[in-house]
Amino acid sequence: MKLTIASGKGGTGKTTISTNLTSLIADMGKNIVLTDLDVEEPNSALFLQTKLSNTKISNKIVPTWESNDCTLCGKCAKNCNFNAIVAMPNEILIFPELCHSCYACSELCPTNSLLMKPTRIGEIKEFETKNFPFIEGRLDLGQEMAVPLISQSIRYTKEKYKNHIMIFDAPPGTSCPVIEASRGSDFVILVTESTPFGLNDLKLAVETMRVLDKNFGVIINRYGIGEISVEEYCLKENIPIITKVKNDKNIAKLYSKGELIYKQIDHFKNSLDEIITFIGDIKCVK
Amino acid sequence: MKIVFTAQGNEWSSSMDARFGRSEMFVSFDENTNELKIITNNETQEMEHGAGLQTSKKVLDLNPDVIITGNGAGEKALKVLKTSGVKMYIGAGDMTLKEAYEAFKNNKLQLQY
């Protein structure tokens with residue numbers, strides 16, 4: 001089973017839910033793996049005691065300019081949909097950060113002057129923790145393209161742990177990185193909070209998941225602050241509310257110390273139990 | 001000397017646009033002929049990424065000696081601009097075109113590169 005924890009709004013508790021849920025399920029003796037796909041700012045590791053066990057370099061394929069036969073016709077720049085190539089009067093400038101590795105420039109170059117070569121964008125690291133394997137994708141500084149690394153991190157997880165329950169901690173937002181982190185999963189949990197900001201971004205996330213034709217449910221975090229509009233929205237839209245995690249300053253205190261919450265706060269563990277019961281009901285889509 | 005301004009309007013009294021890559025338009029002024037020319041920049045408003053690069057290319061096609069703008073160009077745009085000998089002056093984002101031109105003439109603007 002592949003489960004993505006996403007949110008829309010940032011800071012609603014994706015990582016808190018991901019790390020605690022994975023650890024609790026591992027405590028129950030299940031085979032489970034957690035993968036941090038927030039590759040622009042991965043932080044799950046902060047809450048786990050980790051020991052590095054494997055590192056894999058992540059590359060993406062980008063063009064390099066071979067000037068010998070180039071006539072500076074500029075077709076490469078015109079064909080690039082991502083503004084990654086600028087044809088100057090005396091040279092072709094390539095900006096690998098913007099390249100989507102579509103090969104159009106290279107394939108359509110009349111003089112074969114653009115060769116596609118791998119370039120490093122980040123790392124996939126695997127760690128041992130006390131009770132489960134943990135994988136993290138981390139983009140290098142200055143890299144802008146999260147999707148290839150997210151996709152490679154998912155593939156790494158699936159190849160190595162295909163019989164495990166896979167939990168994917170997604171990046172915030174509703175754009176390409178979130179879509180990549182969600183589209184292969186059996187179920188998506190959207191973590192939100194009962195505030196106007198939470199509701200606004202939840203609606204965007206729900207729209208995204210509906211376009212992707214994903215099954216999803218909602219966790220309302222910091223329940224008790226703000227207002228009831230998120231609940232009303234979920235009821236109206238027939239979206240299952242998996243659990244409501246009570247607003248509790250002690251959770252924030254443990255979080256700030258990088259500690260797992262469920263071991264010390266009962267109502268939080270009860271919420272995780274509700275999630276586990278809910279997950280048990282999800283059918284695995286092959 | 002040919003000077004290109006990032007602008008929000010097409011007259012000397014118009015406000016400068018502090019942005020380079022996504023500037024609303026460009027006004028080029030040729031000191032030899034006193035000619036003011038307007039260049040629109042609508043296409044970059046829609047671009048998710050790489051607006052600065054395309055803008056740089058477009059501005060260089062005008063063959064200016066100097067660019068006057070507000071915040072300056074980003075790292076990638078600078079790579080394109082630096083393939084030419086153009087000089088970029090910044091800090092004129094809150095001025096009118098006329099004020100920006102005078103500030104440049106009186107050496108009051110900061111050279112970005």
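Reference entry: report on the structure contained in this document. (Residues numbered from 1 in each chain as written. Chains lettered and ligands numbered in written order. Predicted model: local features only at pLDDT ≥ 70, side-chain atom pairs only at ≥ 80, totals over all residues. Heavy atoms only, no water.)

Some words on the pairing of strand β1 (residues 2–7) of chain B
All names here are of chain B.
Here's step 1: Most of β1 sits inside the fold, with 5 of its 6 residues counted as buried.
Here's step 2: Of the pairings in the sheet, the one linking β1 to strand β2 (residues 25–30) comprises 6 bridges and is antiparallel in character. When the sheet's bridge partners are listed, A7 is paired in β2 with M25.
Here's step 3: As paired elements, β1 and strand β4 (residues 66–68) share 3 bridges and run parallel to each other. Each residue of the ladder has a partner; that of V4, found in β4, is I67. (Buried < 20%, exposed > 50% of the residue type's maximum accessible area, 1.4 Å probe, protein only. Helix = DSSP H or I, 4+ residues; strand = E, 2+ residues; numbered from the N terminus. Pairing = 2+ DSSP bridges.)

What to know about unusual backbone geometry
Residues and elements named next belong to chain A.
Here's step 1: A positive phi angle, close to 55°, is found at L72, a residue other than glycine.
Here's step 2: Its relative accessible area of 30% is what places L72 among the partly exposed residues.
Here's step 3: Here the phi dihedral of Y103 falls at roughly 70°; this positive angle occurs in a residue that is not glycine.
Here's step 4: The partly exposed category is assigned to Y103, whose relative accessible area is 34%.

Focus: the sheet that holds strand β3 (residues 35–40) of chain B
Residue and element names in this part refer to chain B.
Here's step 1: Spatially, the 6 strands line up as an open sheet ordered β3-β2-β1-β4-β5-β6, and their pairing is mixed. The open sheet terminates on both sides in strands that have one partner only, identified here as β3 and β6 (110–111).
Here's step 2: Across the sheet, helix α3 (residues 97–105) lies against β1, β2, β4 and β5 (87–90), angled at about 135° from β1, the strand it touches most. (Contact = heavy atoms within 4.5 Å. Axes fitted to C-alpha atoms, helices over the stretch in contact; angles between N-to-C directions.)

Quick notes on the pattern of salt bridges
Residue and element names in this part refer to chain A.
Here's step 1: Per the counting criterion, the structure on display carries 20 salt bridges over all chains.
Here's step 2: In this structure, E231 and K244 form a salt bridge, with 2.9 Å as the shortest nitrogen-oxygen distance. Taken as a pair, E231 in helix α7 (residues 229–236) and K244 in strand β11 (residues 241–246) lie far apart in primary sequence, 13 residues in all.
Here's step 3: K244 gets classed as partly exposed once you look at its relative accessible area, which sits at 34%.
Here's step 4: The closest approach of N and O atoms between K269 and D273, which form a salt bridge, is 3.1 Å. Of this pair, K269 and D273 both sit in helix α9 (residues 266–281), 4 residues apart, roughly one helical turn.
Here's step 5: Sharing partners across several salt bridges, the network here consists of R120, E123, K125 and D140. (Salt bridge = Lys/Arg side-chain N within 4 Å of Asp/Glu carboxyl O.)

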